[in-house]
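Topology and contacts: notes
Next come the chains, spelled out residue by residue.
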Amino acid sequence: MSTDLTASPQAGAELQRYTEALLSHLAASGAAPPAPPAFRDIPGHWLPAAVEALVTILAGEDPLEPLSRAAGRDQQNTALFLCLSLAVAGQGDRIHASWLGTAFGELSLERPVTHGQRALWLAAARGAYGPAGKIFVLRKLDALAVPQQAEVPDWLQALAPGEPSVVVPTSLVDFPELAEIPELARPAQAAARLARLRARCTEITSARQAERESRAPLTNNAAAPATTWAEDEPLAVLRALSGLGGHSGPLGSLTGHLLDDLRPGADPHLAAIALHVAAPILRVVADELVAETRLTPPDSVTVPMLGHPLILQPEGPDPDSMAEAERAIVADGVPPRRRPWDAYLPIALGVVAVICALFAWPLAVAGVALAGFGGWRLLRRRQAEQSDATYVAARLSELKELADGAVWALHAYAREADRRAEAAAIDAAELTRLLRRGPRAA
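Quick look at the structure, then. (Residues numbered from 1 in each chain as written. Predicted model: local features only at pLDDT ≥ 70, side-chain atom pairs only at ≥ 80, totals over all residues. Heavy atoms only, no water.)

**Structural notes on the overall build of the protein**
Defined as follows: The helix count covers DSSP runs of H or I at least four residues long, the strand count covers runs of E at least two residues long, and both are numbered beginning at the N terminus. Summary of the burial criterion: residues with accessible area below 20% of their type's maximum are buried, those above 50% are exposed, and those between are partly exposed, where the area comes from a 1.4 Å probe applied to protein chains only. The contact definition used throughout considers only heavy atoms, calling two residues in contact when any of these lie within 4.5 Å. The method behind every accessible area is Shrake-Rupley, applied with a 1.4 Å probe, and residues are considered shielded solely by the protein chains displayed.
When helices and strands are counted, the protein shows 16 helices and three strands. Counting across all 442 residues of the protein, residues that qualify as buried make up 45%. Of the contacts formed within the protein by residues at least 6 apart in sequence, a portion of 73% connects residues at least 24 apart. Counting every atom, the protein has about 22400 Å² of accessible surface; 58% of that belongs to carbon and sulfur.

Following this line, the structure appears as structure tokens:
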């Protein structure tokens, strides 16, 4: 049945005026307006009878007659209107058990979640219908193979986003390049990821129910008007059902909603339900991460030092790789030089000029100058050779110091590995305990 009341303009206008006042009162005080409804029933339209049934329920009277009329015209919209209205009013315990199933309909992995389903999901998660409402949503989700609809990294990224690409353990702080070696990175990365998952699950399950219980009305305010789809989805759906305008917003997939609910900052009650759905995946991931933290460190690793690959072993750097690195440093630090003909030639010419000075004394000056220039060239060459030798010696000393320090860091990493594995086992056990508590913990 449609909510289009253009066939009866006057009755439709009266109905809309009263319905808008009714929703405002429900959101503000949980009660109907003090004045009785001024509209009459419109044959063929479910909304007038549904509004009359709601007012009757809020007055504590028997709504059977108007409820039968409304349900006969549109059973699902009637049930949805009553369930959401009573939730907004903070009186969700007055719904009939069958209304929730009728209003919610069927969830499907192939179809988007409707706004009505999402609004009921939100209201039930926040306790508007008591434990039975939360269990109802959980059973709807459990009936579908939801975890398999997204990749494991997607669930982990939603639950604990912003994971660093490299985790540098304490033992390798002075040698972060060692933390990038896969054999050493995997255990540290696994332990850090497990700790982050445990922290996020603790955050979700430790949210205090008393502070977020939905026994109070799901209020609307100026900061979040009823036309927006945020915390006030139930009220926004009611306005759309009643023909009061407001955009419907985009439809989301079931998996998309669950991933969004797991992200930091999401409503903790929605997060608790999403965590329940993701629990089977998280248990498997926790076991895998614990196993990765127990990986035995390799007997040797190859790491670049000063730009040269060096094999590090428990007893020290590999002699062959160390010798090769030293040869490379010497080759890089001492550039090949030709014989110093540019020095020898001026000296030889100077000597010849001095000898010739016996016959033409002015040649003596030129000979001394040439010989001095050649000697200066030889001195510059000797200084360059000494500078190269000093540089090479410093690089070789630095290489040895770095290699020895890296070996000691690997020893510290090996000692740290046992503590890391123990901490990971504790994190996994606590994570399993939190998942076992289920969404009632939030």
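After presenting the structure, the write-up continues.
**Some remarks on the sheet that holds strand β1 (residues 301-305)**
Strand pairing in a sheet relies on backbone hydrogen bonds, with the paired strands running either antiparallel or parallel. Rule in force here: Pairing between two strands is assigned when DSSP locates at least 2 bridges connecting them.
Read from one edge of the open sheet, three strands run β1-β2-β3, paired in antiparallel fashion. Of all strands in the sheet, those bounded by a partner on one side alone are β1 and β3 (316-317). In this structure, strand β2 (residues 308-313) lies alongside β3, joined through two bridges in antiparallel fashion. Looking at the pairing, Q313 lines up with G316 of β3.

**Re the packing of aromatic side chains**
Selection criterion: Only the six-membered ring of Trp is used, alongside the rings of Phe and Tyr, when aromatic pairs are assigned; centres must lie within 6.5 Å, and planes under 30 degrees apart are stacked while those over 60 apart are edge-to-face, with the rest tilted.
Scanning all chains against the criterion turns up two aromatic pairs. Each ring, one from W46 and one from F81, has its centre 6.0 Å from the other, and the planes form 70°; the classification is edge-to-face. With W46 in helix α2 (residues 46-58) and F81 in helix α4 (residues 75-88), this pair connects stretches of sequence that are 35 residues apart. Take W46: its relative accessible area is 0%, and that puts it in the buried class.

In short, shape yes, function no, at least from these values alone.
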